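This is what each chain is made of:
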Amino acid sequence: MFCWLSRLYRGFSTPTGRITHLIQSSLSRTLVLTSQRRIPEFSSFVARTNTCGELRSSHIGQEVTLCGWIQYRRQNIFLVLRDFHGLVQVVIPQEESAASVRKILCEAPVESVVQVSGTVISRPPGQENPKMPTGEIEIKVKTAELLNSCKKLPFEIKDFVKKTEALRLQYRYLDLRSFQMQYNLRLRSQMVMKMREYLCNLHGFVDIETPTLFKRTPGGAKEFVIPSREPGKFYCLPQSPQQFKQLLMVGGLDRYFQVARCYRDEGSRPDRQPEFTQIDIEMSFVDQTGIRSLIEGLLQYSWPSDKDPVVVPFPSLTFAEALANYGTDKPDTRFGMKIIDISDLFRNTEVGFLQDALSKPQGAVKAIRVPEGTKYLKRKDIDSIRKFAADHFNQEVLPVFPEASRNWNSPVAQSILEEQRSGLIRLMEIREDDVVLLTAGEHEKACSALGKLRLECADLLEARGLVLRDPALFSFLWVVDFPLFLPKEENPGGLESAHHPFTAPHPSDLQLLYTEPEKVRSQHYDLVLNGSEIGGGSIRIHDAELQRYVLATLLKEDVNLLSHLLQALDFGAPPHGGIALGLDRLICLVTGAPSIRDVIAFPKSFRGHDLMSNAPDSLPPEELKPYHIQVSWPADSEAEKSSLNQPSLPES
């Protein structure tokens, strides 16, 4: 069961291919790296001689001391001992002379911690367990010590035992004992170590810690506010080290990296965390190509060996191409079902709603082909898809069945087929049992609706047994040439940064910044993996006047909040750029975990609560007084308020 640990450490030990060349060339520049690493010594400095999972037939005859948890016991004759490395069978002695040892091992509750010493012996013929890496041997115990007894557990420590996520988070220290959590966290540790190795040892990056207490930053996500002892003055927790890493480039550090803790007060988001971790990177004198090559090499070098190797370079799409083909800026490219523009087929159509759409600016007719849709989708699925598009996008979606044996076509769909059946079949490469989902309207809106329906249809098809997205496939994609600005949601006449206000405009669009800023492309790039954004970065503005113009004139931000950065840019700032990889989401995708909470040791719930410690918690008024703040209690919280104001009882 636990043989993954040996594979994990073996897999990270020997660089191959292009990476070997990088190491050799780096060695010639006197950057020292041991390319051949031995398996770590897990039993140094501790009471045990070996781990439970490492013992094999080659250890037969050796005297060993093991420490671990009792996994289960059979008929008071055998017990299975577990540690982080694996499982081993222990023979409980039946002799009268070993009564004290037998008493300890037979009476200790499951999940108690014990230390046993004894001899590694072969299992009797026919009793070997080929499913266990240690299945050829067992331990004949001579001495045993109960290190800590275990009370009745709220759930069994077994991966196949179903537990609610709330219960797992409440007893996180127990959940961490599971095989899957052990694997996830150890793989995370190994990947981070390899990333450090690649960045610092191979490419001369400097690992620098930046402050956690900072000030409010204009734009971006909401920040956590921290009171200070100065009346009316507050710190903010940084959503990223963005300003600090740019200032480090001004300071001449040249290449910065950090495993950075970041904070965003984003409320109840199912797959977000208020505190999260980034692999944060910044470089001087670099362009987009350099950043992208660095990240491709970083992922290739740190990738686990039990996964298919990472193939570089990664493909790329512009933002406009991603939207037109997939209806999103983070497309899952593991499967097809691309959006097809079929406007030209219907320029002379008699169908009314198509005429209306094509007569308007940016009007288009778009469609996706759902493979074998009539075989796998039910009529209620089609109705649900149409309702989803209407409710979420105010977009009418028309199902068309060009080659279906059943007559599911509406009168409008029948009219479309009578006009353009052959053209539609040819353009969309339609086969028997395929379904076409067709919509008409403004280009971006139509594409966004079909992009969401593309994923909804994939979910439905896979739920019915058709495999579209190979879970073992990792499909990386760069998305580039994003717009520099977007219309403000609350004020469509105003602008806000699509990425952040420090992103440089595309060199080809620089003049548009002063005439039509809404048309300017940025030097922003995102890295997408299997439909999830796992990284984003940009080339930065390094000219103080340009930065001031973007902030004050275009974004209407208070430049005084960033006076320190603007001043720094005036003092000889080099051209620079960077990127941040979302470590939690990356590891979640690599391990196949259902949630990022499964790759974080102590995560918050989706409401931002720590169910184990009950954080956030209330503070009595006297503890708030030094910070010159008081709580404005909602009406339904008066009971909690009064309880806090009551004097506490002395402990008995």
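Residues numbered from 1 in each chain as written. Predicted model: local features only at pLDDT ≥ 70, side-chain atom pairs only at ≥ 80, totals over all residues. Heavy atoms only, no water.

The chain has the name Aspartate--tRNA ligase, mitochondrial in an unreviewed UniProt entry, where Neovison vison is given as its organism. Here is the UniProt Catalytic activity (unreviewed entry) comment for the chain, exactly as written: "tRNA(Asp) + L-aspartate + ATP = L-aspartyl-tRNA(Asp) + AMP + diphosphate". As stated in UniProt under Function (unreviewed entry), the record for the chain gives "Catalyzes the attachment of aspartate to tRNA(Asp) in a two-step reaction: aspartate is first activated by ATP to form Asp-AMP and then transferred to the acceptor end of tRNA(Asp)." (UniProt positions renumbered as here; feature names shortened; annotations may be inferred.)

J.: An account of the overall build of the chain is requested, with residue identities and associated values reported.
T.: Regarding its fold elements, the chain presents 19 helices and 21 strands. Along the first, second and third principal axes, the C-alpha atoms of the chain reach 95 × 75 × 70 Å. Of all 652 residues assigned to the chain, the portion counted as buried reaches 47%. In the structure as shown, the chain presents an accessible area of about 32700 Å², 52% of it carried by carbon and sulfur atoms. Looking at charge distribution, the chain has the averaged site of its 76 positive side-chain charges lying 5 Å from that of its 81 negative ones. (Helix = DSSP H or I, 4+ residues; strand = E, 2+ residues; numbered from the N terminus. Buried < 20%, exposed > 50% of the residue type's maximum accessible area, 1.4 Å probe, protein only. Areas by Shrake-Rupley, 256 points an atom, 1.4 Å probe, with all protein chains shown as cover. Lys, Arg positive; Asp, Glu negative; His and termini not counted. Charge placed at Lys NZ, Arg CZ, Asp CG, Glu CD.)

J.: If you had to explain the environment of Glu41 to someone new, which residues and values would you point to?
T.: By the element assignment, Glu41 lies in the loop between α2 (18-27) and β1 (63-74). Of the residues examined, Glu41 reaches a relative accessible area of 48% and is grouped as partly exposed. At a separation of 2.9 Å, a polar atom in the side chain of Glu41 contacts the main-chain amide nitrogen of Ser43. (Polar contact = N/O pair within 3.5 Å; in protein donor to acceptor, adjacent residues only side chain to side chain.)

J.: Can you lay out the sheet that holds strand β13 (residues 363-370) for me, pointing to particular residues and giving the numbers?
T.: Ordered in space as β12-β13-β15-β14, the 4 strands form an open sheet in which the pairing is antiparallel. This sheet does not close on itself; its edge strands, each paired only once, are β12 (340-341) and β14 (397-400). Pairing of β13 with strand β15 (residues 435-442) involves 8 bridges; the strand directions are antiparallel. Counted as the bridge partner of Ala367 is Leu438 from β15. (Pairing = 2+ DSSP bridges.)

J.: Report on the pairing of strand β4 (residues 113-122), specifying residues and quantitative values.
T.: Note that β1 and β4 share 7 bridges and pair antiparallel. Considered in β4, the bridge of Leu66 is made with Val116. Relative to strand β5 (residues 137-148), β4 runs antiparallel, the two sharing 10 bridges. Bridging across to β5, Ser122 finds its partner in Ile137.

J.: Residue-level account of the pattern of salt bridges, with values.
T.: Per the stated rule, a full pass over the model turns up 34 salt bridges. One salt bridge connects Lys103 with Glu107, and the closest N-O pair in it is separated by 3.1 Å. One end of the pair, Lys103, and the other, Glu107, are both in helix α3 (residues 99-107), 4 residues apart, so they sit about a helical turn from each other. The residue Glu462 makes a salt bridge to Arg469 at a minimum N-O spacing of 2.8 Å. What you see here is one network of salt bridges that share partners, running through Arg168, Arg172, Asp175 and Asp598. (Salt bridge = Lys/Arg side-chain N within 4 Å of Asp/Glu carboxyl O.)

J.: For unusual backbone geometry, give the residues involved together with the corresponding values.
T.: Omega for the bond connecting Val312 with Pro313 falls within 30 degrees of zero, at 0°, which places this linkage in the cis form. Structurally, Pro313 can be placed in the loop between α8 (288-302) and β11 (316-318). Between Ala615 and Pro616 the backbone carries a cis peptide bond, its omega angle lying at 0°. Tracing the chain through its elements places Pro616 in the loop between α17 (583-591) and α18 (621-624). The phi dihedral of Glu429 is positive, around 50°, even though this residue is not glycine. Position of Glu429 among the secondary structure elements: in the loop between α13 (411-428) and β15. The phi dihedral of Asn530 falls on the positive side, at around 50°, and the residue is not glycine.

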